[in-house]
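In case you want the letters, here they are:
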Amino acid sequence: MTTYVRQFICLKDNYGVLLHDSATGATAAIDAPDGEAVIAAADAAGWSLTDCLLTHHHADHVQGVPALKARYPDLRVCAPAKEAGRIGGVDRPLSEGDYARVGRLAAKVIETPGHTAGHIAYWFEEDEIAFVGDTLFALGCGRAFEAPPAVLWESLLKLAALPGSTQVYCGHEYTEANARFALTIEPDNAVLKARAAEIAALRALGKPTLPTTIAAELATNPFLRAEEPSVQAAIGMPGVDPAAAFAEIRARKDRF
Ligand code: ZN
Ligand code: FE
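The structure presented is a predicted model; accordingly, all values stated were derived computationally and were not measured.

The rules we used
- Residues numbered from 1 in each chain as written.
- Chains lettered and ligands numbered in written order.
- Predicted model: local features only at pLDDT ≥ 70, side-chain atom pairs only at ≥ 80, totals over all residues.
- Heavy atoms only, no water.
- Helix = DSSP H or I, 4+ residues; strand = E, 2+ residues; numbered from the N terminus.
- Contact = heavy atoms within 4.5 Å.
- Pairing = 2+ DSSP bridges.
- Axes fitted to C-alpha atoms, helices over the stretch in contact; angles between N-to-C directions.
- Donors = N, O, S within 2.8 Å, 3.2 Å for Na, K, Ca; no water.
- Tetrahedral: all angles 85-135°; square planar, octahedral: opposite > 155°, others 65-115°.
- Buried < 20%, exposed > 50% of the residue type's maximum accessible area, 1.4 Å probe, protein only.
- Core = buried A, V, L, I, M, F, W, Y, C linked by side-chain atoms within 4.5 Å.
- Domains from an automatic or database assignment.
- Polar contact = N/O pair within 3.5 Å; in protein donor to acceptor, adjacent residues only side chain to side chain.

For threonine 55, the position within the fold is in the loop between β4 (51–53) and α2 (59–62). For threonine 55, the residues in contact, after removing those within four places along its chain, are Asp31, His61, Pro80, His119, Ile120, Tyr122, Phe131 and Gly133.

Structure follows, in C-alpha cells:
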C-alpha cells in the first residue's frame, strides 16, 4: 500500500492537492479552489474522490465544493467546525485533536487560527505529510486577517513543532516573492540565500517550489525565526518577546 500526492496549480497561484490511498482507493482533495480543475486532476490520475479536506472558509479554498459534490454524490466534506456554518455543505466538522480519515490514512487536526479564526491544518503523522492551507507558506505565512498576530504566532509554533522531515503542502505558490522579503530580514543567512537561488531557478522553469519541509522552514523562514537573536537584531528589537518580533515581521511583510 502506498500513499500518493498530486499537486497542481489552480486559478492563478492556488494549489489543488489530491491525496490517494492505494490500499483502499480512497482519494481526498485538499481544499477545493476550482472544482473543474480538481475533477480534471482526479480523472487524469484515474482516481475517484471520496473526501474533501477543507482548511478554511476563504472562497479560493472552498468554492469548488458544489462542483465536487455534484460529480461525487457520496463525497464527505471535512472542514473546521468553527467555520462550517460559513462554508456550507460540510459533513464532518472538525476540531483540535479530531482525526480525518482518508481510507486507511489518518490526519490529526491541528487548529491554526490567525489567517482565519477557525483555520485548521491536517497532519498525516504516519506519512509525514501536513496540509497547512494559508497558515504557513514556504518562506512566509498567511496574513493575520481574523486574529491578532500573536494568535497566528502560536499557530505557527504548533506547526514548527512537527517533525523536521514533515512534507508541508501550502495553499499558494508565493515562494519567490516570499524569498525576496525574507532576504530583507536575513540578508546574511547562507542557507536562505542558497534556497532563494534554487527557488528562482525552479520558477524560471515554471516548476513548483512546494512541498517544503518543517526543517527547511525553521532554517530559512523569517516568520518561524522570530525567536532568533540574529532576526531580532535585524529588525532592531533585540531580546524582545518572540510574538512581538513576529508581529513586526508580519507588519513589514504587509507593507512590502
Ligand atoms: Zn486564505
Ligand atoms: Fe488562499
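Alright, that's what it looks like, and here's the rest.
This next bit is on the sheet that holds β4. If you trace the six strands from one edge of the open sheet to the other, you get β1-β2-β3-β4-β5-β6, paired in mixed fashion. Strand pairing shows two members of the sheet lacking a second neighbour, β1 (3–10) and β6 (92–94), which therefore form its edges. Mean inter-strand twist for the sheet, computed between neighbouring axes without regard to direction, equals 20°. Summarising the sheet, strand β5 (residues 76–80) and β6 pair through three bridges and their orientation is parallel. Bridge pairing in β6 links proline 80 to leucine 94. Strands β1, β2 (14–21) and β3 (27–30) of the sheet are contacted by helix α1 (residues 35–45), whose axis makes an angle of about 140° with β1.

The next thing to look at is the coordination of the zinc ion (ligand 1). Within the protein, the atoms that donate to the zinc ion (ligand 1) are His56 (NE2), His58 (ND1), His115 (NE2) and Asp134 (OD), at distances of 2.2 to 2.3 Å. For the zinc ion (ligand 1), the four donor atoms are set out with angles of 87 to 173° between them, so the coordination reads as irregular. Sequence spacing among the residues donating to the zinc ion (ligand 1) works out to H-x1-H-x56-H-x18-D. With a relative accessible area of 3%, aspartate 134 lands in the buried category.

This part takes up the coordination of the iron ion (ligand 2). At this site the iron ion (ligand 2) is bound by Asp60 (OD), His61 (NE2), Asp134 (OD) and His172 (NE2), with donor distances of 2.1 to 2.4 Å. Coordination at the iron ion (ligand 2) is irregular: its four donor atoms span angles of 84 to 172° at the metal. Counting along the primary sequence, the residues that act as donors to the iron ion (ligand 2) give the motif D-H-x72-D-x37-H. If you look at the iron ion (ligand 2) and the zinc ion (ligand 1), they sit 3.1 Å from each other and are both ligated by aspartate 134.

Before going further, it helps to examine the nonpolar core. Proteins that are soluble and globular tend to have nonpolar side chains buried together. Counting 31 residues, the largest nonpolar core has Val132, Leu136, Leu156, Leu159, Leu162, Phe246 and Ile249 as the members making the most contacts within it. Listed by contribution, the elements that provide at least two residues to this core are β9 (120–124), β11 (136–137), α5 (149–160), α6 (175–185) and α10 (242–255). Here the element with the most residues in this core is α5; it accounts for five residues. Here this core spans two domains, since at least three of its residues come from each of domain 1 (3–169) and domain 2 (175–255). In this view, valine 132 contacts His119, Ala121, Leu159, Val168, Tyr169 and Cys170; residues no more than four positions away in its chain are not counted. Formed by 22 residues, the second largest nonpolar core is a distinct cluster that contains Cys10, Trp47, Val62 and Val65.

Cis geometry marks the peptide bond from leucine 210 to proline 211; its omega dihedral reads 0°. Among the secondary structure elements, proline 211 is positioned in the loop between α7 (190–204) and β14 (212–213). The phi dihedral of glutamate 128 falls on the positive side, at around 55°, and the residue is not glycine. Tracing the sequence through the fold places glutamate 128 in the loop between β9 and β10 (129–131). Classification of glutamate 128 by relative accessible area gives partly exposed; the value is 35%.

In this fold, arginine 255 is placed in helix α10. Spatially, the C-alpha atom of arginine 255 lies 29 Å from that of leucine 54, the residues being 201 residues apart in sequence.

In the case of a regular strand, side chains alternate between the two sheet surfaces. Relative to β2, β1 is paired through eight bridges, and the arrangement is antiparallel. By the bridge assignment for β2, isoleucine 9 is matched with tyrosine 15. A loop of three residues connects β1 with β2, the two strands running antiparallel in sequence, and leucine 11 in this loop sits at a positive phi of about 50°.

With that settled, the discussion passes to the side chain of threonine 116. Mapping threonine 116 onto the fold places it in the loop between β8 (105–111) and β9. On the basis of relative accessible area, threonine 116 is assigned to the buried category, the value being 0%. Looking at threonine 116, its side chain comes within polar contact range of the side chain of glutamate 83, at 2.7 Å. One polar contact links the side chain of threonine 116 to the main-chain amide nitrogen of histidine 119, over a distance of 3.3 Å. Those residues in contact with threonine 116 that lie beyond four places of it in its chain are His56, His57, His58, Glu83 and Glu146.

Let us now look at the sheet that holds β8. Taken in spatial order, the six strands line up as β7-β8-β9-β10-β13-β14 in an open sheet, and their pairing is mixed. Looking along the sheet, the strands with just one partner apiece sit at the ends: β7 (99–102) and β14.

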